[in-house]
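# Observations on chain architecture
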Amino acid sequence: MKQYSTRLAAIHWLTLLLFIAAFYYGHEMDETEIATTKMSLYPIHFLIGNIVLILTLVRAYFVHKDGKPAPLESGSAKANKLSKTIHHLLYVLLIALPVSGIIMIFTTGVITAFEVNDASKLPDLEKFTIHGIHGALVTLMLLVVALHALAALYHQFILKDNLIRRIAIKRFKD
């Protein structure tokens, strides 16, 4: 097996796009001071985050069902271990981030504001530890995604080993 299945590749790229969208809406929520705007962004951010969580769990199932290509050996035990660690961290973070968001929604009073449909009841999330945890997970995720992307680009353009073909939706015959 030289490529991930089409469905795994599609889930990979869709998850990336949805993570970018979730990051954007989360950033907009954090930056706005207008409570009604914040309230209108919550459902979008929450929905996208939950889709990311579901896709991650579906992807884990299909990795088990479809299999995956053998890891590329770089010739360096440290680089191989780092690659494996980054891939595992991506899965952990793609689960931990939405879960921390769900915990935040249900433990800070955000749900109460939606139940009474009153944006003025939205809590100041900065006062809650879970908000800091969620933010730290976002920062860690951005770092891990950047390392993952840089490694892929290094393989593709420096080592020229066509690594990106492995996760392409298009099928190749090699």
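For the structure, see preceding data.
A brief report on the enclosed structure follows.

The rules behind each value
- The numbers attached to residues start from 1 for each chain and follow its sequence in the written order.
- Local features are withheld for residues below a pLDDT of 70 in this predicted model, meaning they are given only at 70 or higher, and side-chain atom pairs are given and counted only at 80 or more; totals for whole chains, interfaces and linings count all residues.
- Computation of side-chain values: all heavy atoms of the structure, hydrogens and water removed.
- Note on method: axes are straight lines fitted to C-alpha atoms, helices fitted across the in-contact stretch only, with angles between N-to-C directions ranging 0 to 180 degrees.
- Starting at the N terminus, helices and strands are each numbered in turn, a helix being any DSSP run of H or I of at least four residues and a strand any DSSP run of E of at least two.
- Any angle that falls under 35 degrees is termed roughly parallel, while one over 145 is termed roughly antiparallel, one within 65 to 115 roughly perpendicular, and all others oblique.
- Crossings are classed by handedness, with left-handed meaning an anticlockwise turn of the near helix from the far one by less than a right angle and right-handed meaning a clockwise turn.
- Lys, Arg, Asp and Glu make up the charged group, whereas Ala, Val, Leu, Ile, Met, Phe, Trp, Tyr, Cys and Pro make up the nonpolar group; the residues left over, Gly among them, are polar.
- Each nonpolar core is a collection of buried residues, namely Ala, Val, Leu, Ile, Met, Phe, Trp, Tyr and Cys, held together in the definition by side-chain atoms within 4.5 Å.
- Throughout this description, buried means an accessible area under 20% of the type-specific maximum (1.4 Å probe, protein chains only), exposed means over 50%, and partly exposed covers the range between.
- Only heavy atoms matter for contacts: two residues are in contact if any of them lie within 4.5 Å across the pair.
- Only protein atoms enter the 1 Å grid, on which a cavity is a set of points fitting a 1.4 Å probe that cannot get out and a pocket is an open set with protein on both sides within 12 Å along at least 5 of 7 lines, lining residues being those with an atom within 4 Å of a point.
- Grid points are joined across faces, edges and corners, and a volume is the space filled by probe spheres set on the points.

### Describing the packing of helix α3 (residues 77-107) against helix α5 (residues 129-159)
- Where α3 contacts α5, the two axes come as close as 9 Å, and the packing angle between them is 155°. Taken as axis vectors, α3 and α5 run roughly antiparallel relative to one another. The way α3 lies across α5 gives a crossing that is left-handed.
- Here the contact of α3 with α5 is composed, by residue class, of 17 nonpolar, seven polar and no charged.

### A look at the nonpolar core
- Counting 22 residues, the largest nonpolar core has L8, L18, L90, L93, L97, M141 and V144 as its most contacted members.
- Contributions of two or more residues to this core are made by α1 (6-31), α2 (35-66), α3 and α5.
- The dominant element in this core, judged by the number of residues it contributes, is α1, at six residues.
- Not counting the four nearest positions on each side in its chain, L93 is found in contact with P98, L137, L140, M141 and V144.
- Counting twelve residues, the second-largest nonpolar core is a separate cluster that includes M29, M104, I105 and L125.

### A word on the layout of surface pockets
- Taken as a whole, the largest pocket spans an internal volume of roughly 1,500 Å³.
- Around the largest pocket, the lining is made up of 44 residues, and of these S83, I86, H87, L90 and H148 lie nearest the centre.
- Mapped by element, the contributors of at least two residues to the lining of the largest pocket are α1, α2, α3 and α5.
- In terms of residue class, the lining of the largest pocket is made up of 28 nonpolar, ten polar and six charged.
- Here the second largest pocket defines a volume of roughly 700 Å³.
- Lining the second largest pocket are 32 residues; nearest its centre among them are G26, M29, H45, M104 and H134.

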